[in-house]
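Below, each chain spelled out in residue letters.
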Amino acid sequence: MITEIAPAPERVTTEPTRPAKRRRAWDEVPRRHIYLPLSIYLLFTLIPFYWILLFALRRPGSTSLVPWPMTFEHFEKVWNERAFGTYFQNSVLVGVATLLMTTLVALAGGYALARFDFRIKKGFMLALLCTQFVPGALLLVPLFEIFANLRMINSLVSVIIAETVFQLPLSMILISGFIRNVPYSLEEAAWVDGCNRFTAFRIVVLPLLRPGLIAVGSFAFVHAWNHFLFALMFLSDQSKQTIPVGLNTLMSADSVDLGALAAGGIIAAVPVVIVFAFIQKWLITGFSAGAVKG
């Protein structure tokens, strides 16, 4: 007898159902409701920059809304006749020196605030915060008296020291916050391996602070580059003045050379734009993500 063997039932595999993706509130907003306000904001932001470029690149006496044919006459005038080359060099010197001094002193002070406990620590932090409410103009008279007694008036060193002192409180607070976010266990592990405190800080902590140091240093540089009061009060010699003071010399009580002023403004803005173009990725990078797991 031949018996027919029934085919084995097919194996049915069921894929696990994936949970439905939760829709967020902004996913349901039409794109035009996002792009339209951003476009309007961008328009109002770019119009002043276009207006500066227009005055800087079009010929003197022209009323055209398009800078054509373009001319670089205004740039040559402010760079050669108005000594903007000297102003530019002085501003670079002040900005770089302020960046280095602020970063080094704030790094040392921020580490002390983040890693050590002392009796007046809270009071010292409160004093640092309170200094941010003091306007810079209020410091002009005492700083001028101090620099006059030290025979430092009409010297770039006085401006560098003043800018560094003005930037230190906030920079120190920011650096201490960055250091607190670095796990203390990393330093302890370096100590176990035979490193002293300074070596452990240099090898372990300092590389993780790179984005924070770049952020603090860039803010110090930009503030020193754009600050007007200290350079105006402490520098009397034209060969030692900085770009903000140089821009002020382009405006008189009787007339304003708009073309030269616009060209000088572009010269003053280009270095800051270049600096932020190169460091923007460091400003948004997490400096300690993934350093310690578990």
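For the structure itself, look to the data block above.
Every chain is numbered on its own, with residues counted from 1 as its sequence reads. Restriction of local features to residues with pLDDT of at least 70 applies here, the model being predicted, together with a cutoff of 80 or more for giving and counting side-chain atom pairs; totals for whole chains, interfaces and linings are based on all residues. Water and hydrogen atoms were dropped before computing side-chain values, which therefore reflect all heavy atoms in the structure.

## Notes on the overall build of the chain
Then comes step 1: Think of it this way: any DSSP run of H or I at least four residues long counts as a helix, any run of E at least two long counts as a strand, and we number them from the N terminus. When helices and strands are counted, the chain shows 12 helices and 0 strands.
Then comes step 2: Secondary structure of the chain in N-to-C order comes out as α-α-α-α-α-α-α-α-α-α-α-α.
Then comes step 3: Burial here depends on accessible area, computed with a 1.4 Å probe over protein chains only, as a share of the maximum for the residue type. Under 20% is buried, over 50% is exposed, and the range in between is partly exposed. Across the 294 residues that make up the chain, the buried fraction comes to 35%.
Then comes step 4: Whether two residues are in contact is decided by their heavy atoms: any pair within 4.5 Å suffices. By sequence separation, contacts in the chain at least 24 residues apart represent 72% of the contacts at least 6 residues apart.
Then comes step 5: Accessible area for the chain stands at about 19,600 Å²; split by element, carbon and sulfur atoms hold 66% of it. All accessible areas in this document rest on Shrake-Rupley with a 1.4 Å probe, and a residue is counted as covered only by the protein chains that are shown.

## Structural notes on the nonpolar core
Side chains of nonpolar character tend, in soluble globular proteins, to be buried together.
Then comes step 1: By nonpolar core is meant a set of buried Ala, Val, Leu, Ile, Met, Phe, Trp, Tyr and Cys residues that side-chain atoms within 4.5 Å join together. In this structure, Leu-107, Ile-175, Ile-179, Val-182, Phe-201 and Leu-209 are the most contacted members of the largest nonpolar core, which totals 23 residues.
Then comes step 2: Looking at this core, the elements that each hand over two or more residues are helix H3 (84-115), helix H4 (121-130), helix H6 (156-180), helix H7 (184-192), helix H8 (197-208) and helix H9 (210-226).
Then comes step 3: Contact partners of Phe-201, with chain neighbours within four places excluded, come to Leu-107, Tyr-111, Leu-206 and Leu-209.

## Considering a nonpolar patch on the surface
Then comes step 1: On the surface, a nonpolar cluster with roughly 700 Å² of combined accessible area is contributed by Tyr-50, Trp-51, Leu-65, Val-66, Trp-68 and Met-70.
Then comes step 2: With respect to the helices and strands, the residue Tyr-50 is situated in helix H1 (residues 31-57).
Then comes step 3: Relative accessible area serves as the criterion here: at 37%, Tyr-50 is assigned to the partly exposed category. Here, patches come from residues exposed beyond 30% relative accessible area and free of salt bridges, joined within 9 Å for like charges and within 5 Å for nonpolar side chains (Val, Leu, Ile, Met, Phe, Trp, Tyr). Here a salt bridge means any side-chain nitrogen of Lys or Arg lying within 4 Å of a carboxyl oxygen belonging to Asp or Glu.

## Concerning the packing of aromatic side chains
To describe a pair of aromatic rings, you give the distance between the ring centres and the angle between the ring planes.
Then comes step 1: Classification of ring pairs rests on two measures: the distance between centres of Phe, Tyr or Trp rings, Trp counted by its six-membered ring, which must be within 6.5 Å, and the angle between planes, read as stacked under 30 degrees, edge-to-face over 60 and tilted in between. Evaluation of the coordinates by the stated rule reveals 13 aromatic pairs.
Then comes step 2: Relative to Phe-201, the ring of Tyr-111 has its centre 5.0 Å away and its plane inclined at 70°; by these criteria the two rings are edge-to-face. Here Phe-201 lies in helix H8 and Tyr-111 lies in helix H3, a separation of 90 residues in the sequence.
Then comes step 3: For Tyr-111, a relative accessible area of 9% puts it in the buried group.
Then comes step 4: Look at Phe-201 and you get buried, because its relative accessible area is 11%.
Then comes step 5: Plain terms: the ring middles of Phe-147 and Phe-234 are 5.2 Å apart, the flat faces sit at 85° to each other, and that makes the pair edge-to-face. Residue Phe-147 is found in helix H5 (residues 140-149), and its partner Phe-234 is found in helix H10 (residues 229-234); the two are separated by 87 residues along the sequence. In this structure, Phe-147 and Phe-234 share a single accessibility class: buried.
Then comes step 6: Lying across the ring of Phe-55, Arg-58 places its NZ or CZ 4.7 Å from the centre. Placement of a positive charge over a ring is assigned whenever Lys NZ or Arg CZ falls within 6 Å of the ring centre and within 35 degrees of the normal to the ring plane.

## Some details on the pattern of salt bridges
Then comes step 1: One pass over the structure, following the stated rule, counts 2 salt bridges.
Then comes step 2: Of the charged contacts in the structure, one is a salt bridge between Glu-187 and Arg-115, with a shortest N-O distance of 2.6 Å. Of this pair, Glu-187 sits in helix H7 while Arg-115 sits in helix H3, and the two are 72 residues apart along the sequence.
Then comes step 3: By relative accessible area, which is 0% here, Glu-187 ends up buried.
Then comes step 4: The exposure class of Arg-115 is buried, given its relative accessible area of 16%.
Then comes step 5: A salt bridge links Lys-121 to Asp-117, with the shortest nitrogen-to-oxygen separation between them at 3.4 Å.

## With respect to H6
Then comes step 1: Between its first and last C-alpha, H6 extends 35 Å over 25 residues, near the 36 Å set by a 1.5 Å rise per residue.
Then comes step 2: Of all the bends in H6, the greatest, near 45°, is centred on Leu-168, and the proline Pro-169 appears no more than four residues after it. Helix span, as expected, comes to 1.5 Å for every residue beyond the first. Note on bend: at a given residue it equals the angle between the axes fitted to the 7 residues ending there and to the 7 starting there.

## Regarding unusual backbone geometry
Then comes step 1: Even without glycine at this site, Arg-151 takes up a positive phi of about 55°.
Then comes step 2: Mapped onto the elements of the fold, Arg-151 is located in the loop between H5 and H6.
Then comes step 3: One non-glycine residue, Asn-154, lies in the positive phi region at around 65°.
Then comes step 4: Assignment of secondary structure puts Asn-154 in the loop between H5 and H6.

## Details of the packing of H7 against H8
Then comes step 1: Direction vectors running N to C along H7 and H8 enclose 140°, while the axes themselves pass 9 Å from each other. Judged by the inter-axis angle, H7 sits oblique to H8. H7 and H8 meet at a crossing whose hand is right-handed. Here Tyr-184, Leu-186, Glu-187, Ala-190 and Trp-191 of H7 come into contact with H8, specifically with Arg-197, Ala-200, Val-204, Val-205 and Leu-208.
Then comes step 2: Here the contact of H7 with H8 is built from residues that sort into 8 nonpolar, no polar and 2 charged. Every axis in this analysis is a line fitted to C-alpha atoms, fitted for helices over the stretch in contact. Angles between the N-to-C directions lie between 0 and 180 degrees. Angles below 35 degrees are treated as roughly parallel, those above 145 as roughly antiparallel, those between 65 and 115 as roughly perpendicular, and all remaining angles as oblique. Note on convention: the crossing is left-handed when the near helix lies turned anticlockwise from the far helix by less than a right angle, right-handed when the turn is clockwise. Charged residues are taken to be Asp, Glu, Lys and Arg, nonpolar residues to be Ala, Val, Leu, Ile, Met, Phe, Trp, Tyr, Cys and Pro, and polar residues to be all remaining types, Gly included.

## Here's the deal with the environment of Leu-139
Then comes step 1: Of note, Leu-139 is situated in the loop between H4 and H5.
Then comes step 2: Since its relative accessible area comes to 29%, Leu-139 is described here as partly exposed.
Then comes step 3: For the pair Leu-139 and Ala-162, spaced 23 residues apart in sequence, the C-alpha separation works out to 9.2 Å.
Then comes step 4: Sequence-distant contacts of Leu-139, that is, excluding residues within four places in its chain, are made with Val-134 and Phe-166.

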